[in-house]
Amino acid sequence: MKGFGSDKEAILDLITSRNNKQRIEISQAYKSLYGKDLIADLKRELAGKFERLIVGLMRPLAYFDAKEIKDALQGIGTDEKCLIEILASRTNQQIHNLVEAYRDAYERELEADVLGDTSGHFKKMLVVLLQGTREEDDVVSEDLVEQDAKDLLEAGNLKWGTDEAQFIYILGNRSKQHLRLVFDEYLKISGKPIEDSIRGELSGDIEKLLLAVVKCIRSTPEYFAERLYKAMKGLETKDNTLIRVMVSRSEIDMLDIREVFRTKYEKSLHSMIKDDTSGEYKKALLKLCGGDDDAAGEFFPEAAQVAYRMWELSAVAKVELRGTVRPAADFNADGDAKVLRKAMKGLGTDEGAIIDVVTQRSNAQRQEILRTYKSHFGRDLMADLKSELSGSLAKLILGLMMTPAQFDAKQLKKAMEGAGTDENILIEILATRNNREIQAINEAYKAAYRKSLEDALSSDTSGHFKRILVSLALGNRDEGGEDLTRAHEDAKKLSDVSSGDSTSLETRFLSILCTRSYPHLRRVFQEFIKMTNHDVAHTVRKHMSGDVRDAFVAIVRSVKDKPAFFADKLYDSMKGIGTDDRTLTRIMVSRSEIDLLNIRRVFKEMHEKSLHHMIEKDTSGDYCKALLAICGGDD
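Since the model is a prediction, treat every value here as computed from it, not as a measurement.

K.L.:
Explain the overall build of the chain to me, please; I cannot follow it from the model alone.
P.N.:
From N to C terminus, the chain includes 39 helices and 0 strands. Relative to its length of 635 residues, the chain is compact, with a C-alpha radius of gyration of 28 Å against a globular reference of 26 Å. Classification of the 635 residues of the chain by burial places 51% in the buried group. Here the contacts in the chain between residues at least 6 apart in sequence split such that 72% fall between residues at least 24 apart. Here the chain contributes 97 positive and 106 negative side-chain charges, whose respective centroids are spaced 4 Å apart.

Laid out in structure tokens, this is it:
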């Protein structure tokens, strides 16, 4: 740091290759030798995110946490996510050290500052965590486990209103080992995980805090892997979170976090940092990360075993798919037809009445309304709606009035007409529909456009991408169960990438991913992990590109967890500047009677906000009102 400019490379090399105890010794030696404060010099010489990272590494962990919490409480508004992350994840001893460091650094009591800056049940739980008195005995009483599980159930699901105090007492004081058994018992007696009850019974900051506590009880590395992933995904990087986690966990459980990250998100933490950051800041973060788990021989066998177990569960799991739109109990096609005619007759249109009828009827009931409308009034309801409505609302309402097959056929036609093809729509529809749905789409396409879907795809796409789409469009996927011997053979074919011949690899993937049944493919993916230590999507991303890669990844994701695939598509359609109304409308219409309730739940888990909330924030007017009616509730 002497003279003009500073050698940032030397600074980051030295500081990231010493542990915290050694850095403190360096600070003390620096002061003895030069009579200067090393942290003050670093602050002066460095700037921005790189400075925050390096200075953070120079502080003892307790003082680093104290500074983060002070910053979270200072100024206008409170950074609740920072408070939650630190206080939900630290051990008793770390909490005690933090309280002492805060007192020493700021001559204030941390508990008093938290009390002054927070409120309600959120405040109460933070204060409980600040005591650092969680039980640490590994000896667990079975009777107390059963009692706590019963008390939590009675405090939430079985009670009018929620007894937050019971949640706070049990989750804030019991030992980790005890609580893990409580969660298992709760699942047994209630039929759902404790997280679902917290989401259903609580809201706001107390909900987020208790969910964070539960995640840390189950697996602290998994909690931080999720924090890191969410800090880097999307358009903007949440650098404060990224720095805080990388600094605070680098000497505790970073290898475990890396392992979970690689397994859960099918990419290494190293590669995501590399893609998402730049300059000396990136170099320092990668040094703290310590290795690339996508590199040959680096992927942890433990992570592969975790992934294997996940597939083991998914191979036998039976998830009940539920839509948000159900048949109306008091359905009267004649009355609905009259309401719609009245809404469009004369001057002006009653959009509210149209929305109320169309969004609250099943598709079969809407088809009956179409027929009744024509027989009563001698008019085409679709034509009337088209002339009375406009913009995104018109597309949504007209989409709901079509049969699912007609709607999908129209989306496919629009994706292929005009200059350029929208490959994403072709992939989304053909990769996620079952044989019966595909066959119905083929019939609807032929009836509407006097051309087979196969011919349309063949003339509008090319190469391996065309072959994939045509294969999917046949609707000939096996519908049987798994065959373990064949699954092993299929996994072996998919894992053989040694020839370097991408054409041969793509052909092998096509012959398996486009034809085998979903249960069989889950077993194939499980066997694939045993052979390679990698998830199959990792191999697709690494060895393929463009539309072929996107199509295969979509198939894999659809096999693994279809609601999660659509939840991600919905999130992407609304995040950032501007809304992709076409995608939003397409998914809300097509999934409303199939699995939109499942999509909603996954959406909340993945993105920490409800689908309802995001639609409300991102759309407006009658279009927003109609979408929220289809959404069916705020999670």
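K.L.:
How should I be thinking about the packing of aromatic side chains in this particular structure?
P.N.:
Tallied over the entire structure, the rule returns 11 aromatic pairs. Relative to Phe377, the ring of Tyr373 has its centre 5.2 Å away and its plane inclined at 65 degrees; by these criteria the two rings are edge-to-face. On the criterion of helical spacing, the pair formed by Tyr373 and Phe377 is a turn pair, its members being 4 residues apart in helix H23 (residues 363–377). Here Phe377 falls in the partly exposed class, since its relative accessible area comes to 28%. Ring pairing ties together the aromatic residues Tyr229, Phe261 and Tyr265, which thus form one cluster. It is Lys233 that lies over the ring of Tyr571; its NZ or CZ is 4.9 Å from the centre. We note Lys413 situated over the ring of Tyr449; from NZ or CZ to the ring centre the distance is 5.5 Å.

K.L.:
Teacher, can you tell me more about the environment of Arg477 here?
P.N.:
Mapped onto the secondary structure, Arg477 falls in the loop between helix H30 (463–473) and helix H31 (484–495). Note on Arg477: relative accessible area 14%, which makes it buried. Each C-alpha atom, one on Arg477 and one on Leu513, is 9.2 Å from the other, the two residues being 36 residues apart in sequence. In contact with Arg477, not counting residues within four places along its chain, are Asn435, Leu472, Leu513, Cys514, Thr515, Arg516, Ser517, Tyr518, Leu521 and Ile555. Within polar-contact distance, the side chain of Arg477 engages the backbone oxygen of Arg516 at 2.6 Å.

K.L.:
Would you take a moment to explain the packing of helix H6 (residues 80–89) against helix H9 (residues 120–130) for this structure?
P.N.:
Each pair of packed helices gets described by two things: the angle between the helix axes and the distance between those axes. Taken N-terminus to C-terminus, the directions of H6 and H9 make an angle of 35 degrees; their axes are 10 Å apart at the nearest point. Every pair of crossing elements has a handedness; the one defined by H6 and H9 is left-handed. Contacts from Glu80, Leu83, Ile84, Leu87 and Ala88 in H6 reach Phe122, Leu126, Leu129 and Leu130 in H9. Of the residues assigned to the contact of H6 with H9, the class counts are 8 nonpolar, no polar and 1 charged.

K.L.:
Mind showing me how you'd approach the side chain of Glu85 here?
P.N.:
Within the secondary structure, Glu85 sits in helix H6. Given the relative accessible area of 0%, Glu85 is considered buried. Within the local environment of Glu85, its side chain forms a polar contact with the side chain of Arg227, the two groups lying 3.0 Å apart. If sequence neighbours within four positions are ignored, Glu85 has contacts with Arg90, Tyr223, Phe224, Arg227, Thr241, Arg244 and Val245.

K.L.:
Just to check I follow, could you spell out the nonpolar core for this structure?
P.N.:
Looking at soluble globular proteins, one finds that nonpolar side chains tend to be buried together. Within the largest apolar cluster, 100 residues are counted, with the highest numbers of intra-cluster contacts made by Phe552 and Met588. Ranked by the residues each element gives to this core, the list is headed by helix H35 (residues 546–574), at 15 residues. Ranked by size, the runner-up nonpolar core spans 86 residues in total, among them Tyr30, Val99, Met246 and Met272.

K.L.:
Just checking my understanding: could you explain the environment of Arg44 for this structure?
P.N.:
Note that Arg44 resides in helix H3 (residues 38–45). The exposure class of Arg44 is exposed, given its relative accessible area of 54%. As a C-alpha pair, Arg44 and Met1 span 43 residues in sequence and 9.6 Å in three-dimensional space.

K.L.:
Before we go on, may I ask you to explain the side chain of Arg244 in this structure?
P.N.:
Summarising the element assignment, Arg244 is placed in helix H16 (residues 239–249). A polar side-chain atom of Arg244 sits 3.2 Å from a polar atom in the side chain of Glu68. The contact partners of Arg244, leaving out residues within four places of it in the chain, are Phe64, Glu68, Cys82, Glu85, Ile86 and Arg227.

K.L.:
Would you explain helix H19 (residues 279–289) in this entry?
P.N.:
Think of an α-helix as 3.6 residues a turn; residues three or four steps apart then line up on the same face. Buried within H19 we find Tyr281, Ala284, Leu285, Leu286, Leu288 and Cys289. Elements in contact with the buried residues of H19: helix H1 (8–16), helix H4 (48–58), H16, helix H17 (254–265) and helix H18 (269–276). At the C-terminal side of H19, Gly290 shows a positive phi close to 90 degrees.

Parameters and conventions
Residues numbered from 1 in each chain as written. Predicted model: local features only at pLDDT ≥ 70, side-chain atom pairs only at ≥ 80, totals over all residues. Heavy atoms only, no water. Helix = DSSP H or I, 4+ residues; strand = E, 2+ residues; numbered from the N terminus. Rg over C-alpha atoms; globule rule 2.2 N^0.38 Å. Buried < 20%, exposed > 50% of the residue type's maximum accessible area, 1.4 Å probe, protein only. Contact = heavy atoms within 4.5 Å. Lys, Arg positive; Asp, Glu negative; His and termini not counted. Charge placed at Lys NZ, Arg CZ, Asp CG, Glu CD. Phe/Tyr/Trp six-rings, centres within 6.5 Å; stacked < 30°, edge-to-face > 60°. Lys NZ or Arg CZ within 6 Å of the ring centre and 35° of its normal. Polar contact = N/O pair within 3.5 Å; in protein donor to acceptor, adjacent residues only side chain to side chain. Axes fitted to C-alpha atoms, helices over the stretch in contact; angles between N-to-C directions. Left-handed = near helix turned anticlockwise from the far one by under 90°. Nonpolar A, V, L, I, M, F, W, Y, C, P; charged D, E, K, R; others polar. Core = buried A, V, L, I, M, F, W, Y, C linked by side-chain atoms within 4.5 Å.

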